[in-house]
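# Structural characterization, general
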Amino acid sequence: MTSVHRRAADRTRHAARFVAWARAWRAGFVSYDEVGPAVTGGEEHLVTDLPGQDWEVPLGTALAALSRLRADDLRLVLPAPGDPRGLPGPGAFSSAALGAGEGVIAGELGLVPAIREHVSGSGDTWHTVRWQVLPVQAGAHPEYIAPGEAELDLARELNGAADALIRLDVARWQPELAGALAALRRPGSGADLPPGFDPRCRRLYARAAMLDGVLVLADHNAPGGAVTAHEAHQRSEVLRPLRTACRRALMAACNAPLSA
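Anyway, here's the lowdown on the structure attached to this text. The shown structure was predicted, so the numbers you read here are calculated from the model rather than taken from an experiment.

### Details of helix α3 (residues 32–40)
- Restricting attention to buried positions, one finds in α3 the residues Val35, Gly36, Val39 and Thr40. Down the axis of α3, the buried set is contained in an arc of 100 degrees. They therefore lie on one face. Of the residues in α3, the exposed ones pointing more than 90 degrees away from the buried face are Asp33 and Pro37.
- Buried residues belonging to α3 abut α2 (14–26), β1 (44–48) and α4 (59–65).

### Some details on empty space enclosed by the protein
- Tallied over the full model, the rule gives one cavity of 30 Å³ or more.
- For the largest cavity, the lining is made up of twelve residues, of which Arg75, Glu143, Ile145, Met251 and Asn255 are closest to its centre.
- Contributing elements (two or more residues each) for the lining of the largest cavity: β3 (74–77) and α9 (229–255).
- Tallied by class, the residues present in the lining of the largest cavity amount to eight nonpolar, two polar and two charged.

### A few points about the pattern of salt bridges
- Throughout the structure, instances matching the rule amount to 13 salt bridges.
- For the salt bridge of Arg85 with Asp83, the shortest nitrogen-to-oxygen distance reads 3.4 Å.
- In this structure Arg85 comes out as partly exposed when scored by relative accessible area, which is 23%.
- A relative accessible area of 13% places Asp83 in the buried class.
- A salt bridge links Asp153 to Arg248; the nearest nitrogen and oxygen atoms lie 3.5 Å apart. Pair noted here: Asp153 is in helix α6 (residues 147–167) and Arg248 is in helix α9, with a separation of 95 residues, a long-range link.
- Here the salt bridges do not stand alone but share partners, grouping Glu149, Asp153, Arg156 and Arg248 into one network.

### Some details on the packing of α2 against α3
- In the contact formed by α2 and α3, the axes pass within 9 Å of each other and the chain directions differ by 170 degrees. With respect to α3, the element α2 is oriented roughly antiparallel. Contacts between α2 and α3 involve Arg17, Phe18, Trp21, Ala22 and Trp25 on the former and, on the latter, Tyr32, Glu34, Val35, Ala38, Val39 and Thr40.
- Split into classes, the residues belonging to the contact of α2 with α3 amount to eight nonpolar, one polar and two charged.

### Considering the nonpolar core
- With 54 residues, the main nonpolar core has Phe18, Leu76 and Leu154 as its most contacted residues.
- With ten residues, α9 is the single largest residue contributor to this core.
- Residues within four places of Phe18 in sequence aside, it is in contact with Val39, Leu59, Leu63, Leu66, Val104, Leu111 and Trp131.
- One finds Phe93, Ala97, Val112 and Val136 within the second-largest nonpolar core, a separate group that totals eight residues.

### Some words on the environment of Pro90
- Mapping Pro90 onto the fold places it in the loop between β3 and α5 (92–100).
- With relative accessibility at 81%, the residue Pro90 sits in the exposed group.
- Each C-alpha atom of the pair Pro90 and Gln137 lies 8.1 Å from the other, and the pair is 47 residues apart in sequence.

Conventions used here
Residues numbered from 1 in each chain as written. Predicted model: local features only at pLDDT ≥ 70, side-chain atom pairs only at ≥ 80, totals over all residues. Heavy atoms only, no water. Buried < 20%, exposed > 50% of the residue type's maximum accessible area, 1.4 Å probe, protein only. Helix = DSSP H or I, 4+ residues; strand = E, 2+ residues; numbered from the N terminus. Arc of directions from axis to C-beta. Contact = heavy atoms within 4.5 Å. 1 Å grid on protein atoms, 1.4 Å probe; cavity = no way out; pocket = protein on both sides within 12 Å on 5 of 7 lines; lining within 4 Å. Points joined across faces, edges and corners; volume = space filled by probe spheres on them. Nonpolar A, V, L, I, M, F, W, Y, C, P; charged D, E, K, R; others polar. Salt bridge = Lys/Arg side-chain N within 4 Å of Asp/Glu carboxyl O. Axes fitted to C-alpha atoms, helices over the stretch in contact; angles between N-to-C directions. Parallel < 35°, antiparallel > 145°, perpendicular 65-115°, else oblique. Core = buried A, V, L, I, M, F, W, Y, C linked by side-chain atoms within 4.5 Å.

Right, here's the structure in full:
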């Protein structure tokens, strides 16, 4: 695994992990005690504005408050400007999720994560994740995305983007991105879903989660790695449909029906 792949594997979206593991818990495939560590990955996660709580509470307290929900009451949304797919309609949750690029629908509540960076007096840095709880429009029915359809879309866009980046000679100014996208055209290791998800969803999630991390890293590297602003714009246009397909794939995998 290249350094880009290794860093990308560590960047799985917080909302995706939350939904996948919380749904598996509510469906009886994993225990409550397994969910928190799987979602936090060792980071501190705090929840604010949880109904009935006056202060920030640990993630475990918020999970306990969701214990009456069914697995299908929990949904992942990954909206982007111009693509509000999955959002329940206008409201505070939709605005916050659109700003963050991710969110969790949990019955009549929505949770949106934000990362806080802290610096110690000695210069050490660490992160905490703060989940804001917001009301969700009652009766919302998010769009269903079939995993098979999302898998085909992702494969098509991945092949097209990799070929286009080769034509743009992306290896000349960002070789790790070109190499990572080429490697992702083949099955490989990546993030995994908890028990309860079928093999297709597990395969789709592994590839989409890895690719999502690679695309985030590409954003962080642009435009400084590009030779010209025009080349940076070309790359952005090439990757735009791939980003959409990647978000759709993650939502399709995490929101899919669970089975034994």
